[in-house]
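# Chain and residue survey
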Amino acid sequence: YQNGIGVSRNNQTALNWYHKAVKNGLPNAAMIDSNEVIKNDIVADTAWPGADEYNHALKQLKDPNYKEEAVKTLSSAADKGHPIAQYQLAMQYL
């Protein structure tokens, strides 16, 4: 649904399937095309714990002057269990 291959593109449906996959024990589902998910901004309204911190961190990451603060904010979201924040936090250390 995310890319509309064989079905109509529907970001909300794609996000629902990502949620189901994570809940059913596929933690790397949060990382599948996560950059595309973030680019399409469909994570903004998620009910995942830490979503507010995660969205704030994304704004901070756009300004290089706030990178250290953004990493702290991502860490807070990741600690609350936000799977894409966990992925993004790891990416900051690569």
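## Quick notes on the confidence of the model for the chain
When pLDDT is averaged across the chain, the result is 76; 71% of the residues are at 70 or more. Mean pLDDT per element in the chain: helix 2 (residues 34-39) is the minimum at 50, and helix 4 (residues 67-79) is the maximum at 93.

## What to know about the nonpolar core
Most often, soluble globular proteins keep nonpolar side chains buried together rather than apart. Core analysis: the largest hydrophobic core is formed by 12 residues, namely Leu15, Trp48, Tyr54, Ala57, Leu58, Val71, Leu74, Ala77, Ala78, Ile84, Ala85 and Leu89. Elements with a minimum of two residues in this core: helix 3 (51-61), helix 4 and helix 5 (83-92). Among the elements that take part in this core, helix 4 stands out by supplying 4 residues, more than any other.

## Thoughts on the packing of helix 4 against helix 5
As a packed pair, helix 4 and helix 5 sit with axes 8 Å apart at the nearest point and diverge in direction by 145°. When you trace helix 4 past helix 5, the crossing you get is left-handed. In this structure, helix 4 uses Lys67, Val71, Leu74, Ser75, Ala77 and Ala78 to contact helix 5, whose residues at the interface are Ala85, Gln86, Gln88, Leu89 and Gln92. Looking at the contact of helix 4 with helix 5 residue by residue, the classes come out as 6 nonpolar, 4 polar and 1 charged.

## Digging into the environment of tryptophan 48
Among the structural elements, tryptophan 48 can be located in the loop between helix 2 and helix 3. It is 5.8 Å that separates the C-alpha atoms of tryptophan 48 and histidine 82, two residues lying 34 residues apart in sequence.

## Concerning helix 1 (residues 11-23)
For helix 1, with 13 residues, the first-to-last C-alpha span of 18 Å sits near the 18 Å given by 1.5 Å per residue. Ala14, Leu15, Tyr18 and His19 are the residues of helix 1 that are buried. All buried residues of helix 1 fall inside an arc of 140° around its axis, so they share one side. Measuring from the backbone nitrogen of threonine 13 back to the side-chain oxygen at the start of helix 1 gives 2.9 Å, which picks out asparagine 10 as the cap.

## Things to note about the packing of helix 3 against helix 4
Where helix 3 contacts helix 4, the two axes come as close as 8 Å, and the packing angle between them is 160°. Judged by the angle between their axes, helix 3 and helix 4 are roughly antiparallel. The interaxial crossing formed by helix 3 with helix 4 has left-handed handedness. Contacts from Glu53, Tyr54, His56, Ala57, Gln60 and Leu61 in helix 3 reach Glu69, Ala70, Thr73, Leu74, Ser76 and Ala77 in helix 4. When the residues that make up the contact of helix 3 with helix 4 are grouped by side-chain class, the tally is 6 nonpolar, 4 polar and 2 charged.

About the cut-offs
Residues numbered from 1 in each chain as written. Predicted model: local features only at pLDDT ≥ 70, side-chain atom pairs only at ≥ 80, totals over all residues. Heavy atoms only, no water. pLDDT = per-residue confidence, 0-100. Helix = DSSP H or I, 4+ residues; strand = E, 2+ residues; numbered from the N terminus. Core = buried A, V, L, I, M, F, W, Y, C linked by side-chain atoms within 4.5 Å. Buried < 20%, exposed > 50% of the residue type's maximum accessible area, 1.4 Å probe, protein only. Axes fitted to C-alpha atoms, helices over the stretch in contact; angles between N-to-C directions. Left-handed = near helix turned anticlockwise from the far one by under 90°. Contact = heavy atoms within 4.5 Å. Nonpolar A, V, L, I, M, F, W, Y, C, P; charged D, E, K, R; others polar. Expected span 1.5 Å × (residues − 1). Arc of directions from axis to C-beta. Polar contact = N/O pair within 3.5 Å; in protein donor to acceptor, adjacent residues only side chain to side chain. Parallel < 35°, antiparallel > 145°, perpendicular 65-115°, else oblique.

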